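# Summary of structural features
Take a look at the letters that make up each chain.
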Amino acid sequence: MKAPLSWLCEYVSVEIPVEELASRLALTGTEVERVAQVGVPGDEANLEYFVVGKVLDRSKHPDADKLSVCIVDVGEESPRTIVCGAPNVRAGITVAVVLPGGIMPDGTVIKDARLRGIASAGMILSEAELGYAAKSPGIVELPDSWLAGDLVADYLPLSECVLEVEVTPNRPDCLSIRGLAREIAAITEVPFEEDISYPHPWGERRVDEDVSVEVWAPDLCPRYAARVIRGITVAESPTWLKARIAQAGMRPVNNAVDVTNYVLWALGQPLHAFDLQQVRGRKVIARRAEPGETLVTLDGETRTLTEDMLVIADAERASVVAGIMGGMDSEITDQTTDVLLEGANFSGPSIMRTSSALGVRSEASTRYEKGLDPELIPLALDMACQLMVELCGGTVSVGTIDVREPETPPRVVTLRPARVDHLLGTTLPVSEMESILARLGCNVRDCGDDFLVSVPSFRRDLEREVDLIEEVGRIHGVGNIPSTLPPQRSGRGGLSPEQRGVRLLEDLLVGAGLSQVITYSFGDERWSDRLRLEPSDARRKAVRVANPLSGDQAFMRTMLLPGLLETAGKNVATREERIHIFEIGRTFHPSGGVLPDEKRRVGFLVAGAWEGDSWSKAGIVTDFFVAKGLTERLAEGLGVGLNFRPATEHFLHPGKSATVEDPSGRPIGWVGEIHPLVLQEYELRGLTAVAAELDVELLIGLRPETPMFEDLSTFPPVEQDLALVVDRDLPAAEVVAALRVAGGGLLESVQIFDLYEGNQVPPGKKSLALRLSFRSPDRTLSEAEVNDLRSQMLAAVASSVGATLRV
């Protein structure tokens, strides 16, 4: 919102530099995006060149058809001769003049000049040159009561500081000059007048003789008030009003419309002016739209409405999309003489939904959707009527038609000063707390050691004691709260085992060359089909979001893989084809209760060339064994053992995937190469991608509480190679596990270094080549000991997995 400083000063005394004011507003929660200087350069010396002038005489320029030679009184000993090209210049009018030496808003310096042979000592200004309009057909005509030689700046805001303020959604009261002035008064501790009035004369005719009001949807329109002003003259607004409107960022239209915009900006209450002659049946109805009902709004667009939208209608048709935009049928025109003035309070959520559905936002809807004070309406109508009578003429019909829901009593909140100090870490005097709340418009009463605080109707965000405490801390100043350490409690802080495990997982994956990503927890309903999940797969049962931002984010994820694939697809689209990423995040699963079950999982995806730990491994093709190796690195880093069994996931490549299990056989995830059909769904054609996804809680749960250190042995190992023939379908992990059990403590390691299937082994069999390493911590093993142990191991694996020694 744009807030001209001089307009703010009409409601509050600003006694500090504008830069300091902007800083203090920002520190108390009202962000000032910038302070703009509009109009002419604002130093006092320059403003003295802009004076009021009286055109004493006007004659046609002898050598130019469109120029006039004017004799202008600017309060000096003798009048000046000024050549002017405006068509509306004439003798007897009062004008704005810039004298030679003055600097214009665009930086142009006015100088004495000769125009077609006639000396010109200054320039008569238009509204565009004053900065109040984008363009102007002629010079600005000022009131005759202004004296020649007076500074224009004494009457008009020639040079203005405009604060561009970002108001938080919970503070619609600050979306007005008066509301922002109240905030400034509270911050700077200067007086602010809460009780103001705008008296105006009344006519003799009663308002209910002119119009009637009915509210058919009180849930969407809790208050609707109307007044009638008869006999107005629609014309151009006076210059001061145009200046105010333009500097606040609005476009001047005419005096009647500009009055409603002025009130909107001054008080924050939107008003709407109808041409009373166009209100059929002299009846106004606040109702829901009929299904398929249409309305041509002021922007010339035909809007198709739905039954959940609120409209303001007459006896025959809808005239206004309530709280958003008026209709062409009832707009104010130059022929309007009688005005129906609407001041209403509408449901914020309803206005927001309608605005979003129609794709229309206005200054009115911006305020309504945040929730306005219904008690502001009478004051806004009074101000509008006062200005209408002053600027448009006419008479105000007696009374106000006011249809409203029962008035809500003020909210009363108990505030404990001791609680204020406890939460803020301060020792504020009770009198300061009371003063701060009073400056914010609250009514504070003593109740023993506590306060009973009556919250004003314009602060609907103050609901609980903690809200009042926040206000006290905010106005007192966060920078004034002393820095203290938290009180010491028993024990000391630290990370939980799960937090330490998660950080270790992150370190291991980053150390392996992967980059961490964070993807959306939401997705659309198509992802399960894109992953080729079976109809009975439990992961298809995603939790639906009650209020999704879009259709693409309507369901909570049950897997990390879709987000990783989408991230990979976006990278490939930008010609980045080497993708090594991981994510640790939560998945969501139906629980049968109010909230879903959340599981933390770790997933990674690798596509493109794999770069190893040294230059000699650079360019290794990404395949299943890269993903399996990364998974084993995680297991080794955590100090846990994992087993791999063939997987049956449809989104993985058959024969190049595995289910990951803990030593007891409990599944904790999967690893493998992504199926080519799935890659096509994510625009990853032609790439080979491998991925894995593991349950973090189960994985960390396998981690030993106390890692055990094994001393480095000074005795040499004994290594032997052997080849075992086993069934082709037998997982190699079962062979390794059987060997480890049979080898006992002397078997240090088992490594598979070759796999053979061919003519030299029986049909349905395969040959595994293994390297066994034996070592004793207290002696050098003899060859006989190793051979005996090896024989025992061969007998054991022959019995347990049917393995035979290949000869």
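In case you missed it, the structure is sitting above this.
Residues numbered from 1 in each chain as written. Predicted model: local features only at pLDDT ≥ 70, side-chain atom pairs only at ≥ 80, totals over all residues. Heavy atoms only, no water.

Bringing the overall build of the protein chain into the picture now. Along the backbone of the protein chain there are 21 helices and 39 strands. Against the globule reference of 28 Å for 807 residues, the protein chain gives a C-alpha radius of gyration of 40 Å, more extended than a compact globule. A buried classification covers 47% of the 807 residues belonging to the protein chain. Pairs at least 24 residues apart make up 69% of the contacts formed inside the protein chain by residues separated by at least 6 positions. Taken together, the 81 basic and 119 acidic charged side chains of the protein chain have centroids lying 5 Å from each other. (Helix = DSSP H or I, 4+ residues; strand = E, 2+ residues; numbered from the N terminus. Rg over C-alpha atoms; globule rule 2.2 N^0.38 Å. Buried < 20%, exposed > 50% of the residue type's maximum accessible area, 1.4 Å probe, protein only. Contact = heavy atoms within 4.5 Å. Lys, Arg positive; Asp, Glu negative; His and termini not counted. Charge placed at Lys NZ, Arg CZ, Asp CG, Glu CD.)

Below, the discussion takes up the nonpolar core. Ranked by size, the top nonpolar core spans 80 residues in total, and within it Tyr11, Val263, Leu267 and Met383 carry the most contacts. Looking at this core element by element, the count peaks at 10 residues for helix H10 (residues 377-392). Filtering out sequence-adjacent residues up to four positions away, leucine 267 remains in contact with Tyr11, Ser176, Arg178, Tyr198, Leu376, Leu379, Ala380 and Met383. Judged by nonpolar contacts, the second largest core, of 38 residues, contains Val279, Ala286, Leu295 and Phe346. (Core = buried A, V, L, I, M, F, W, Y, C linked by side-chain atoms within 4.5 Å.)

If you trace the seven strands from one edge of the open sheet to the other, you get E27-E30-E31-E35-E34-E33-E32, paired in mixed fashion. Of all strands in the sheet, those with a lone pairing partner are strand E27 (515-516) and strand E32 (643-646), marking the two edges. Those strands touched by helix H17 (residues 624-638) are strand E31 (597-607), E32, strand E33 (652-661), strand E34 (667-674) and strand E35 (689-695), and its axis lies near 30 degrees from that of E35. (Pairing = 2+ DSSP bridges. Axes fitted to C-alpha atoms, helices over the stretch in contact; angles between N-to-C directions.)

This next bit is on unusual backbone geometry. The backbone of arginine 116 sits at a positive phi, close to 55 degrees, despite the residue not being glycine. Considering the arrangement of structural elements, one finds arginine 116 in the loop between strand E7 (113-115) and strand E8 (118-120). Judged by its relative accessible area of 55%, arginine 116 is exposed. A positive phi angle, near 70 degrees, is found at arginine 575, a position not held by glycine. For arginine 575, the location among the structural elements is in the loop between helix H16 (561-573) and strand E30 (579-589). The class of arginine 575 is exposed, set by a relative accessible area of 76%.

Attention now goes to the packing of helix H14 (residues 497-511) against H17. The contact between H14 and H17 brings their axes to 10 Å, and the two run at 135 degrees. Taken together, the axes of H14 and H17 lie oblique to each other. When you trace H14 past H17, the crossing you get is right-handed. Where H14 approaches H17, its residues Gly501, Leu504, Leu505, Leu508, Leu509 and Gly511 are matched on the opposing element by Arg633, Leu634, Gly637 and Leu638. Its residues assigned to classes, the contact of H14 with H17 comprises six nonpolar, three polar and one charged. (Parallel < 35°, antiparallel > 145°, perpendicular 65-115°, else oblique. Left-handed = near helix turned anticlockwise from the far one by under 90°. Nonpolar A, V, L, I, M, F, W, Y, C, P; charged D, E, K, R; others polar.)

Read these as geometric descriptors, not functional statements.
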